[in-house]
Amino acid sequence: MITITSLTKRYGPFTAVDEVSFTAAAGRVTGFLGPNGAGKSTTLRVLAGLAAPTSGSATVLGARYADLPNPGLEVGVLLDASAQHGGRTGRETLVLAQRTMGLPAARVDESLELVGLTPAEARRRVRDYSLGMRQRLGIATALLGDPRVLVLDEPANGLDPAGIRWMRDLLRTFADDGGTVLLSSHLLAEIEMIADDIVMIGSGRVVAQGTKDELLRGAGTLVRADDVVAAGAALAAAGHQVTPSGDAVLTDADPATAGRVMFAAGLPVTELRASDGAGLEDMFLELTAATARDASSPATPAMTGAAA
Amino acid sequence: MTAVTAPAAPRGASRPRPTVPVPLGRLAGVELRKIFDTRSGLWLAVSVAVVAVGSAALLVALESPESFSYQFFVHSIDYPVHLLMPMLGVLAVTSEWSQRGALTTFALVPRRGRVLAAKALPLAGVAVATMLLTFACGVVATLVGAATGGVDAVWDMSLDEHLRMLAFSLLSMAVGFVVGVVLRSSPAALVAYLLFVLVVPSLSSALAASLDWYRDAGPWVELTSAQYELYGDVMTAEQWAQLGTASLLWLVLPFVLGVRRLLRVEIR
Ligand SMILES: Nc1ncnc2c1ncn2[C@@H]1O[C@H](COP(=O)(O)OP(=O)(O)O)[C@@H](O)[C@H]1O
Ligand SMILES: [Mg+2]
């Protein structure tokens, strides 16, 4: 369980993280989604006690991370897969973590096997690793202490599609076992594939959060009509939000309402359905583009599902 | 779609939560390992040993046997050895930042002061071991030099001198460590270290030659020269005091400021 409360982090006049609040629950994979520079890494660094917040707080398992006596045994952290000493072998990197945590030496080989690094690969120096191998090594380090919580910053970077599927299964198993997973990504597709809950952040602020299902549903309805402009106008006139999407429109009205509006306007509809993940993507692009354009605007559209 | 299933028990809930902080001794063991488990660290350590043995051999082969004595060998071997050795102290700190391992190190042990103490302990051990190696090379060189040069073996160092050489070694390591703590970048700290031990002393004597007031003040503020007084047959109370003030200025003060910064700085 991770709780972030009104977390703010400023660098001089620049606010990198702005009043961010969310929780990541046990048994769930929480995806922390936002474009580059949104403030994900900064939030996670504060969470792991590596940066001090300007205000607000972050706790893991009810305690400040820095107050955990032996954090590796409770929280597995991977903040940057390339932040490893290039002159050490992969195995040696794990041995250092294993000794620091006071674990039996056998855990090293178990972890290597768990992430699919062969003994030959483990003997090579990290300098010669691909990004994908570094991610696996970083995840092995995070899993070494058999923690209850995982905090992973962009862990899918550099993984091939098979690697991403492997990671999804690994995190799924971890969460099904009652573990808490918080992972960040700047790619919606990754988060959609892996996460149960989504926290979307743009320019340091949370712009949407909820379960993935809620956010998908929240993306609204796709309406395709012979006269798509008139359809959009009718929906807007009825007080719904409208976003053009090719030869169709997306609206925040649910399908039944949208159908009645179309019927009332006398417009023939060629397609009417709850919009799929592409709608979430539109929202992701739109919300993050909006916050990126105008970071100071308080009128950022915000969507909040029931707290997970 | 995805069913929201609450698991029966959170992962690991049956295990007791850890209550014991990572012990300093164990952490010092890890840091000792980190000094030698990289290519750069290993090569540096090997060079220290090679330089000790190599300079002993060269001295025996090239110097005239009349100058041979245990103290002669120890002092001559010691200079290059203790120029190199503190670089291990520099890198023990800076490689965390330059190679970015600090992200993992401090995530596993958020008590940064404890990590720093755990780095200092094995470095002190390395300083003592290096000095013992120099003594050993001195003994062998004295014996071999006496045999090959046809002279008597001269043992001319008291216990007191040995102890002061040990202090010298620890101070040298402290210089490297402090430069690392203050600068936290391998290239910058290595350059600064070499400037400090090679260039500053000659600058200081040049100043002393031209400025009257500095001739008197210099010994109180210039660390490297004050440190080399430890080499002498005896050391006066004034020399100890000068070593004290110079250390305060160049070791204690920067260390305090550097640690304060290091405890707060954002690890990225
Ligand atoms: N130490 C720092 N000093 C100044 N600005 C910073 C610092 N760290 C991060 N930032 C800025 O904060 C913002 C958020 O960065 P970050 O948390 O790394 O974003 P993300 O991980 O979502 O890509 C960026 O605009 C970045 O430039
Ligand atoms: Mg980032």
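Residues numbered from 1 in each chain as written. Chains lettered and ligands numbered in written order. Predicted model: local features only at pLDDT ≥ 70, side-chain atom pairs only at ≥ 80, totals over all residues. Heavy atoms only, no water.

Asks: Please clarify how the packing of helix α4 (residues 86–98) of chain B against helix α6 (residues 112–149) of chain B should be interpreted in this entry.
Replies: Packed helix pairs are characterised by how far apart their axes lie and by the angle those axes make with each other. Residues and elements named next belong to chain B. Contact geometry for α4 and α6: axes closest at 10 Å, N-to-C directions at 155°. Classified by the interaxial angle, the pair formed by α4 and α6 is roughly antiparallel. Every pair of crossing elements has a handedness; the one defined by α4 and α6 is right-handed. On the side of α4, the interface is formed by L88, G89, A92, V93 and E96, while α6 contributes K119, L123 and V126. Its residues assigned to classes, the contact of α4 with α6 comprises 5 nonpolar, 1 polar and 2 charged. (Axes fitted to C-alpha atoms, helices over the stretch in contact; angles between N-to-C directions. Helix = DSSP H or I, 4+ residues; strand = E, 2+ residues; numbered from the N terminus. Parallel < 35°, antiparallel > 145°, perpendicular 65-115°, else oblique. Left-handed = near helix turned anticlockwise from the far one by under 90°. Contact = heavy atoms within 4.5 Å. Nonpolar A, V, L, I, M, F, W, Y, C, P; charged D, E, K, R; others polar.)

Asks: Can you help me understand the pairing of strand β1 (residues 2–11) of chain A in this one?
Replies: Consecutive side chains along a regular strand alternate between the two faces of the sheet. Residue and element names in this part refer to chain A. As paired strands, β1 and strand β4 (residues 55–60) are joined by 5 bridges and run antiparallel to one another. Residue T5 lies in a different strand from β4, and its bridge partner there is S57. The hairpin turn running from β1 into strand β2 (residues 14–24), its antiparallel successor, is 2 residues long, and G12 in that turn takes a positive phi close to 60°. (Pairing = 2+ DSSP bridges.)

Asks: Even after reading the chapter, I still don't get the pattern of salt bridges, so can you show me in this structure?
Replies: Where side chains of opposite charge bring their charged atoms close, a pairing between them can arise. In total, this model carries 25 salt bridges over all chains according to the counting rule given. E92 of chain A is the partner of R33 of chain B in a salt bridge, and the nearest nitrogen-oxygen pair spans 2.7 Å. On the criterion of chain membership, the pair formed by R33 of chain B in helix α1 (residues 24–36) and E92 of chain A in helix α2 (residues 90–101) is interchain, its members lying in two chains. The salt bridge partner of E110 of chain A is R107 of chain A, with a shortest N-O separation of 2.8 Å. A residue pair is termed a helical-turn pair when its members lie 3 or 4 positions apart in one helix, as E110 of chain A and R107 of chain A do in helix α3 (residues 106–114) at 3 residues. (Salt bridge = Lys/Arg side-chain N within 4 Å of Asp/Glu carboxyl O.)

Asks: Can you help me understand the packing of α1 of chain B against α6 of chain B in this one?
Replies: All names here are of chain B. Running from N to C, α1 and α6 cross one another at 60°; their axes reach a closest spacing of 8 Å. By the angle between their axes, α1 is oblique relative to α6. Between α1 and α6 lies a crossing of right-handed hand. Along its contact with α1, which presents L24, L27, A28, E31, L32, K34, I35 and F36, the element α6 presents R114, V115, A117, A118, K119, L121, P122, L123 and V126. Split by residue class, the contact of α1 with α6 holds 13 nonpolar, no polar and 4 charged.

Asks: Looking at this structure, I do not really get unusual backbone geometry. What am I missing?
Replies: When glycine is set aside, most residues are seen to have a negative phi, and most peptide bonds are trans. All names here are of chain A. Although it is not a glycine, L61 sits at a positive phi angle of roughly 50°. Relative to the helices and strands, L61 is located in the loop between β4 and β5 (75–78). Under the relative-accessibility criterion, L61 is labelled buried at 17%. Positive phi outside glycine occurs at D146, with the angle close to 50°. Following the sequence through the fold, D146 ends up in the loop between α5 (131–143) and β6 (149–152). (Buried < 20%, exposed > 50% of the residue type's maximum accessible area, 1.4 Å probe, protein only.)

Asks: Any chance you could explain the sheet that holds β1 of chain A here in plain terms?
Replies: The strands making up a sheet associate through backbone hydrogen bonding, with each pair oriented either parallel or antiparallel. Residues and elements named next belong to chain A. Pairing within the open sheet is antiparallel, and its 3 strands lie in the order β2-β1-β4. One side of each edge strand has no neighbouring strand; the edge strands of this open sheet are β2 and β4. The average undirected angle you get between the axes of adjacent strands in this sheet is 20°. In this sheet, β2 lies alongside β1 in antiparallel orientation, the contact comprising 7 bridges. Residue pairing across strands places K9 opposite V17, the latter belonging to β2. Those strands touched by helix α1 (residues 40–47) are β1, β2 and β4, and its axis lies near 115° from that of β1.

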